[in-house]
Amino acid sequence: SQQGEEDPQALSIQEGENATMNCSYKTSINNLQWYRQNSGRGLVHLILIRSNEREKHSGRLRVTLDTSKKSSSLLITASRAADTASYFCAPSTGGGNKLTFGTGTQLKVEL
Amino acid sequence: GAVVSQHPSWVICKSGTSVKIECRSLDFQATTMFWYRQFPKQSLMLMATSNEGSKATYEQGVEKDKFLINHASLTLSTLTVTSAHPEDSSFYICSVPGTSGRKISTDTQYFGPGTRLTVL
């Protein structure tokens, strides 16, 4: 498995603003996943984008994938205080293989 | 979605004792489960892959004699921290990959809520 690296490490925005976080990885992937972790909790799967996809939407989430640059971005639109959490990307070779995680982006959405 | 449970959710123990943490897949059978450890304000560190019916596969640097893993059935994996010490205090999380043939994606991991271990 390979580890994704998220950027920025920390992000603080006002409620209603958009939040963008980026992920870079090093080798070929089958898909890339984004997860959210609220403080003291397990991870929650947000969205999966496959290597043959360039963009995917789910509610207020928009994910892009650029395999030529080995990078992905997660956009959260119209952020809410409840979006405050750590966000992790996980590049995957698929098939239920193990995932490894970087340090994540700690998002804080202030009222 | 799939549900993965962990028990206990938190535990405090004395140094030198052993602690067992259970991870259960409630919605589907899992031949593989993963165990992670997370220190405060740090990322999840993959410790080992739990394999039903065979030995666990440990990541480099993880002591297999200290962190005993038993994949007792297709829905249960246990992690036992033996002779726990304060430096073992951490947040332990398990995950289960989805299963083919159902609406659950095989590429998605389903995480338990975690177990907070504090060793005094």
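This structure is a prediction, so every number in the text was calculated from the model and none was measured.

**Q** Lay out the overall build of chain A in plain terms, naming residues and giving numbers.
**A** Helix and strand counts for chain A come out as zero helices and ten strands. Ordered by position in the sequence, the α and β elements of chain A form the string β-β-β-β-β-β-β-β-β-β. Relative to its length of 111 residues, chain A is compact, with a C-alpha radius of gyration of 13 Å against a globular reference of 13 Å. Dimensions along the principal axes, computed over C-alpha positions, put chain A at roughly 40 × 30 × 20 Å. Expressed as a percentage of the 111 residues in chain A, the buried residues total 45%. Nonlocal contacts in chain A, meaning residues at least 24 apart in sequence, comprise 56% of its contacts between residues at least 6 apart.

**Q** Got a sec to walk through the interface of chain B and chain A? Specific residues and values, please.
**A** Each partner contributes residues to the interface: chain B has 20 residues there, and chain A has 23 residues. When the buried area of chain B at its contact with chain A is split by residue, Ser43, Asp107 and Phe111 of chain B rank highest and sum to 34% of it. Inspection of the region where chain B meets chain A yields one salt bridge. For glutamate 59 of chain B, the salt bridge goes to lysine 98 of chain A, with nearest N and O atoms at 2.8 Å. Linking chain B to chain A there are seven residue pairs in polar contact (both at pLDDT 80 or more). Looking at the side of chain B that touches chain A residue by residue, the class counts come to nine nonpolar, eight polar and three charged.

**Q** Tell me about the sheet that holds strand S3 (residues 19-25) of chain B, residues and numbers included.
**A** Two modes of strand pairing occur in sheets, parallel and antiparallel, and in both the strands are linked by backbone hydrogen bonds. Residues and elements named next belong to chain B. If you walk across this open sheet you meet the four strands as S1-S3-S8-S7, and the pairing is antiparallel. Edge positions in the open sheet fall to strand S1 (4-7) and strand S7 (67-73), since each of these has one partner strand only. Across the sheet, the mean angle separating the axes of adjacent strands is 20° when strand polarity is ignored.

**Q** Describe in detail the nonpolar core, supporting the description with residues and values.
**A** The biggest cluster of nonpolar side chains holds 25 residues, and the ones touching the most others in it are Trp35, Phe67, Tyr92 and Leu117 of chain B. In this view, phenylalanine 67 of chain B contacts Arg37, Met47, Tyr58, Val62, Leu79, Thr80, Val81, Asp88 and Tyr92 of chain B; residues no more than four positions away in its chain are not counted. Listed in part, the 21 residues of the second largest apolar core include Ile13, Leu65, Ala85 and Tyr87 of chain A.

Calculation notes
Residues numbered from 1 in each chain as written. Chains lettered and ligands numbered in written order. Predicted model: local features only at pLDDT ≥ 70, side-chain atom pairs only at ≥ 80, totals over all residues. Heavy atoms only, no water. Helix = DSSP H or I, 4+ residues; strand = E, 2+ residues; numbered from the N terminus. Rg over C-alpha atoms; globule rule 2.2 N^0.38 Å. Buried < 20%, exposed > 50% of the residue type's maximum accessible area, 1.4 Å probe, protein only. Contact = heavy atoms within 4.5 Å. Buried area = accessible area lost by both parts, 1.4 Å probe. Salt bridge = Lys/Arg side-chain N within 4 Å of Asp/Glu carboxyl O. Polar contact = N/O pair within 3.5 Å; in protein donor to acceptor, adjacent residues only side chain to side chain. Nonpolar A, V, L, I, M, F, W, Y, C, P; charged D, E, K, R; others polar. Pairing = 2+ DSSP bridges. Axes fitted to C-alpha atoms, helices over the stretch in contact; angles between N-to-C directions. Core = buried A, V, L, I, M, F, W, Y, C linked by side-chain atoms within 4.5 Å.

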